[in-house]
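# An overview of the molecular structure
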Amino acid sequence: MKILIVLAHPEAKSFNSALYDTAIDTLKKSGHEVKTSDLYRGNFQPVSDERNFTRLKNGSFFKQQYEELHAVEHNTFSIDILSEQEKVEWCDIMIWQFPLYWFSVPAILKGWVDKVFAMGKFYDNGKIYDNGFSVGKKAMLSVTTGGPKKYYIPEKYGDMHSILFPIHRGILEFLGFTVLDPHVIYSVERLTPDERKTILNDWSEKLMAQLAEMD
Ligand code: FAD
């Protein structure tokens, strides 16, 4: 299978980076094709504006979605966006590895979403959910938290599925992806080194089991 892994963490020695490296190693060793987008190391520019395009249809009033439709027709997406779009179009499965920031994705990943999933290419009028361009592809979130699992209940922070709903339903399923169960590691900083080692092994096994199920 063709798998795209997107990492959004500023520190290359972070636990998120270890989960990302583990996924790459595991998937490559089991014979899958892997492409990656390490957003910080790749210096991804997350601000979405007229620089998304090499030429504008309307230089006097910027309207992103109109410009996206124009860019699809005239091939005027900037090169950084184009290369990310090609990876998403290429993959069968997309994995996002990120720390939960304010119950959401880090800004760099939100910027990636804002820029990459352009109208006319990834969604359009009537081309959403079951008719989305990405129908047939799968997506999985691999998330870490600072907060402990016991707080992720409705009476406190809210349960994790509700927190991830805007990403699952508002982005991934909207585009047509089938969303796989998220991989969530709570309270990362409070784990012992041995617990972290076990988590990396379990992540590797979970990925292999998940892919074996799909074959
Ligand atoms: P790290 O601190 O990088 O890793 C933890 C430990 O693992 C480190 O000691 C590291 O050295 C070690 N490690 C690295 N590699 C390995 C390896 N291979 N084997 C074993 N150990 C290793 N949390 C919430 O719960 N909810 C929120 O809404 C939320 N919002 C936030 C908003 C912001 C802006 C920020 C900065 C943080 C927020 N957090 C929140 C906390 C954040 O989610 C956690 O800090 C993060 O998930 C921890 O993951 P990490 O990869 O950064 O951990």
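Residues numbered from 1 in each chain as written. Predicted model: local features only at pLDDT ≥ 70, side-chain atom pairs only at ≥ 80, totals over all residues. Heavy atoms only, no water.

Turning our attention to the packing of helix H3 (residues 79–90) against helix H4 (residues 107–116). Two elements in contact, H3 and H4, have axes separated by 10 Å at closest approach and are oriented at 90°. The angle between the axes of H3 and H4 places the two elements in the roughly perpendicular class. Contacts from Asp80, Ile81, Glu84, Gln85 and Val88 in H3 reach Trp112, Lys115 and Val116 in H4. Classifying every residue of the contact of H3 with H4 gives four nonpolar, one polar and three charged. (Axes fitted to C-alpha atoms, helices over the stretch in contact; angles between N-to-C directions. Helix = DSSP H or I, 4+ residues; strand = E, 2+ residues; numbered from the N terminus. Parallel < 35°, antiparallel > 145°, perpendicular 65-115°, else oblique. Contact = heavy atoms within 4.5 Å. Nonpolar A, V, L, I, M, F, W, Y, C, P; charged D, E, K, R; others polar.)

Within the secondary structure, histidine 32 sits in the loop between helix H1 (15–29) and strand S2 (33–38). The class for histidine 32 is buried, based on a relative accessible area of 12%. Polar contacts involving the side chain of histidine 32 include one to the main-chain amide nitrogen of methionine 1, which spans 3.0 Å. When near neighbours in sequence (up to four residues on either side) are disregarded, histidine 32 contacts Met1, Ile3, Leu27 and Leu211. (Buried < 20%, exposed > 50% of the residue type's maximum accessible area, 1.4 Å probe, protein only. Polar contact = N/O pair within 3.5 Å; in protein donor to acceptor, adjacent residues only side chain to side chain.)

Looking now at the pattern of salt bridges. Two side chains bearing opposite charge may form a pair once their charged atoms approach each other closely. Enumeration according to the criterion identifies seven salt bridges in this entry. A salt bridge links glutamate 11 to lysine 13; its shortest N-O distance comes to 3.5 Å. When its relative accessible area of 75% is taken as the criterion, lysine 13 is described as exposed. (Salt bridge = Lys/Arg side-chain N within 4 Å of Asp/Glu carboxyl O.)

Our next topic: the packing of aromatic side chains. A complete count under the given rule lists twelve aromatic pairs for this structure. In this structure an aromatic cluster arises from ring pairing among Phe103, Tyr151, Tyr152, Tyr157 and Tyr186. We note lysine 35 situated over the ring of tryptophan 90; from NZ or CZ to the ring centre the distance is 4.6 Å. Positioned over the ring face of phenylalanine 133 is lysine 127, at 4.9 Å from the centre of the ring. (Phe/Tyr/Trp six-rings, centres within 6.5 Å; stacked < 30°, edge-to-face > 60°. Lys NZ or Arg CZ within 6 Å of the ring centre and 35° of its normal.)

In this section: the site of the ligand. Neighbouring residues of the ligand: 20 residues in total, closest His9, Asn16, Thr144, Tyr152 and Glu189. In this structure, an oxygen atom belonging to the ligand sits 2.9 Å away from a main-chain N or O atom of phenylalanine 103. Here an oxygen atom of the ligand sits 3.1 Å away from a polar atom, N or O, in the side chain of arginine 196. Considering each element in turn, the shell around the ligand owes the most residues, three residues, to H1. In terms of residue class, the shell around the ligand is made up of ten nonpolar, seven polar and three charged. (Near = heavy atom within 4 Å.)

In this section: the nonpolar core. Met94, Trp96, Phe98, Trp112 and Phe117 are the most contacted members of the largest nonpolar core, which has 36 residues in total. Put simply, the parts of the chain that give this core at least two residues each are strand S1 (2–7), H3, strand S3 (93–99), H4, strand S4 (138–144) and helix H5 (160–175). Among the nonpolar cores identified, the runner-up in size contains 21 residues, and Phe15, Leu19, Ile93 and Met140 belong to it. (Core = buried A, V, L, I, M, F, W, Y, C linked by side-chain atoms within 4.5 Å.)

With that settled, the discussion passes to the layout of surface pockets. The space that makes up the largest pocket amounts to roughly 190 Å³. Lining the largest pocket are Gln64, Gln65, Glu68, Lys110, Val113, Asp114, Phe117, Tyr123, Gly170, Ile171, Phe174 and Leu175. Counting residues per element, the lining of the largest pocket draws most heavily on H5, at four residues. The residue inventory of the lining of the largest pocket, partitioned by class, reads six nonpolar, three polar and three charged. Of the voids in this model, the second largest pocket is the one considered here, and its volume is about 150 Å³. Taken together, His9, Ser14, Phe15, Asn16, Pro99, Leu100, Tyr101, Thr144, Thr145, Gly146, Val188 and Glu189 make up the lining of the second largest pocket. (1 Å grid on protein atoms, 1.4 Å probe; cavity = no way out; pocket = protein on both sides within 12 Å on 5 of 7 lines; lining within 4 Å. Points joined across faces, edges and corners; volume = space filled by probe spheres on them.)

Turning next to the side chain of glutamine 210. Structurally, the position occupied by glutamine 210 is in helix H6 (residues 193–214). If we skip the residues at most four places from it in the chain, glutamine 210 touches Met140 and Leu180.

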